[in-house]
Structure formats: C-alpha cells, structure tokens
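# Inside the fold
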Amino acid sequence: VDAPKRLRVQGRQTFVFAEAERAGWPGPARDIVVHGLEFIHRLTIGQATAASGTGDGLKVSEPSLYDQAFLLLALAKGYRVTGDPACESEARALWRRLVDRFGRPGAGFEELEACESRFQSNPHMHLYEAVQSWRAVSDAPIWSEAMAAFARLARDVFIDPQTGLLKEYFDAAGRPMPGDLGDQAWPGHQFEW
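### Thoughts on the packing of helix α2 (residues 29-41) against helix α3 (residues 65-82)
Axis separation between α2 and α3 bottoms out at 10 Å; the angle between their running directions is 135°. The orientation of α2 relative to α3 falls into the category oblique. Like other packed secondary-structure pairs, α2 and α3 cross with a definite hand, here left-handed. Within the contact between the two elements, α2 uses Arg30, Val33, Val34, Leu37, Ile40 and His41 and α3 uses Leu71, Ala74, Leu75, Gly78, Val81 and Thr82.

Laid out in structure tokens, this is it:
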C-alpha cells in the first residue's frame with residue numbers, strides 16, 4: 001500500500017514475526033522479517049516518524065524516542081533471525097545518534113517529540129527492552145553498559161522509593177512533573193518495567 005507507514009509499527013511488526021519464527025510458527029516468518037528489515041534499512045533512521053509505501057522517509061514530525069526504541073528492537077530481533085551484520089551496524093549508529101543528540105547529563109534521554117515533559121519513563125523502558133535484546137545476541141560492551149544504565153535510571157529516578165510506583169513524567173532535573181502529570185503511574189508500564 002503506497003501510504004505513509006508509522007515507523008514504530010514497522011519495528012513492532014518485524015519484532016512480532018521474529019518472535020513467531022523463534023516460537024516455531026510454520027508460516028513465512030523469516031521472509032516477513034527480511035521484508036521488514038529491508039524496509040527499515042532503506043530509511044534514514046533517527047530522522048523520520050513515518051515512511052512512504054516505497055520506504056522513503058517522511059518527516060511527519062520530530063521522531064520520538066519511543067519510535068526509535070522499536071526500530072532498535074526490530075534490528076536486534078531481525079539480527080537474531082538473519083545474522084545480517086547490517087542490523088548491528090545500523091543499531092550501533094542509531095544508538096550513537098541517540099546518545100549524541102538526545103542524551104541527558106547523567107543518564108537517560110530527552111524525548112524527541114515536543115510534549116509537556118521531555119523526560120519520560122516509558123520510552124526508556126522500550127529502549128531497555130531493545131538493549132536487552134541486543135545483549136542477548138551480541139557481546140559488544142555498548143549493550144551491557146546501556147542495560148546497567150537503564151536499570152540504575154529506573155531504580156534511582158523513575159521508581160518512587162516511598163511507594164514503589166513507577167512515575168511517568170519528569171522535569172529537566174529528574175523530579176516528577178508538578179501536579180497531575182507528575183502523579184501519573186500506569187499499571188501496565190509498571191508491569192512492563
């Protein structure tokens with residue numbers, strides 16, 4: 001279909017079929033994973049939030065950290081299925097772009113989209129999942145170091161030490177946002193972390 005496609009969906013679909021292949025689904029999972037990776041490889045990762053039906057990047061809005069997490073995850077799961085070294089080189093390049101452009105002093109990343117809070121726990125959880133997936137298929141120190149940093153960030157910033165609740169939105173100093181926004185704790189995200 002020659003219509004814009006959201007990159008997070010492309011990443012998630014590639015991930016799902018990689019997991020289906022691992023779980024023994026008898027359908028053409030590997031072919032679908034290869035198709036998804038070919039689509040992702042044609043993009044300028046880190047620059048767009050959607051792509052045309054032919055895979056040309058469309059800058060619909062600023063890319064979100066959340067979107068980039070799913071591309072990183074798709075590359076890890078796709079690498080496990082195909083062994084294509086381009087997956088890891090693209091993943092490392094994407095990681096370096098995220099660290100260089102959006103890394104926060106100390107730890108974590110700024111959200112890439114314009115929103116009320118530029119520091120949010122949920123995209124970090126998906127990045128944590130992606131770097132864990134990379135660590136499962138690669139011994140590169142970049143992934144184990146990132147895993148440790150995300151674990152510290154969750155423990156030291158995102159999880160309220162008094163209540164044990166995982167907070168969602170933070171200010172630039174890493175404190176929960178004032179008011180209702182800073183009080184939010186979503187049960188599904190708590191479980192995912």
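### Describing helix α4 (residues 85-102)
With 18 residues, α4 should cover 26 Å at 1.5 Å per step; its first-to-last C-alpha distance of 25 Å lies within 8% of that length. Those residues of α4 that fall on the buried side of the exposure criterion are Cys87, Glu88, Ala91, Leu94, Trp95, Leu98 and Phe102. Each buried residue of α4 sits inside an arc of 125° when the element is viewed along its axis, so together they form one side. Exposed side of α4, more than 90 degrees from the buried face: Pro85 and Asp100 are the residues found there. Those residues of α4 that are buried lie in contact with α2, α3, α5 (121-137) and α6 (141-158).

### Remarks on the packing of α3 against α5
Angle between the axes and distance between the axes: these two values describe a pair of packed helices. Between α3 and α5, whose axes approach to 8 Å, the crossing angle comes to 15°. The orientation of α3 relative to α5 falls into the category roughly parallel. Between α3 and α5 the crossing geometry is left-handed. Taking contact as the criterion, the partners of Leu65, Tyr66, Ala69, Phe70, Leu72, Leu73, Leu75, Ala76, Lys77, Tyr79 and Arg80 in α3 are, on α5, Asn122, Pro123, His124, His126, Leu127, Glu129, Ala130, Val131, Ser133, Trp134 and Val137.

### Considerations on the side chain of lysine 77
Inspection of the secondary structure puts lysine 77 in helix α3. Not counting chain neighbours up to four residues away, the residues in contact with lysine 77 comprise Phe15, Ala18, Glu19 and Ser133.

### Comments concerning the packing of aromatic side chains
By the definition in use, this model includes 15 aromatic pairs. Pairing tyrosine 128 with phenylalanine 150 gives two aromatic rings, centres 6.0 Å apart and planes at 45°, and the pair type is tilted. A residue pair is termed long-range when its members are at least 10 positions apart, and tyrosine 128 in helix α5 and phenylalanine 150 in helix α6 qualify at 22 residues. Neither tyrosine 128 nor phenylalanine 150 differs from the other in exposure class; each is buried. Ring geometry for phenylalanine 158 and phenylalanine 170: centres 5.2 Å apart, planes at 45°, overall tilted.

### Things to note about the environment of glutamate 116
Topologically, glutamate 116 is positioned in the loop between α4 and β4 (119-120). Along the backbone, glutamate 116 and methionine 177 are 61 residues apart, and their C-alpha atoms lie at a distance of 9.1 Å.

### As for the environment of threonine 163
One can find threonine 163 in the loop between α6 and β5 (169-170). Overall, the relative accessible area of 48% leaves threonine 163 in the partly exposed class. A distance of 3.1 Å separates the side chain of threonine 163 from the backbone nitrogen of leucine 165, its partner in a polar contact.

Reading the values: rules and limits
Residues numbered from 1 in each chain as written. Predicted model: local features only at pLDDT ≥ 70, side-chain atom pairs only at ≥ 80, totals over all residues. Heavy atoms only, no water. Axes fitted to C-alpha atoms, helices over the stretch in contact; angles between N-to-C directions. Helix = DSSP H or I, 4+ residues; strand = E, 2+ residues; numbered from the N terminus. Parallel < 35°, antiparallel > 145°, perpendicular 65-115°, else oblique. Left-handed = near helix turned anticlockwise from the far one by under 90°. Contact = heavy atoms within 4.5 Å. Expected span 1.5 Å × (residues − 1). Buried < 20%, exposed > 50% of the residue type's maximum accessible area, 1.4 Å probe, protein only. Arc of directions from axis to C-beta. Phe/Tyr/Trp six-rings, centres within 6.5 Å; stacked < 30°, edge-to-face > 60°. Polar contact = N/O pair within 3.5 Å; in protein donor to acceptor, adjacent residues only side chain to side chain.

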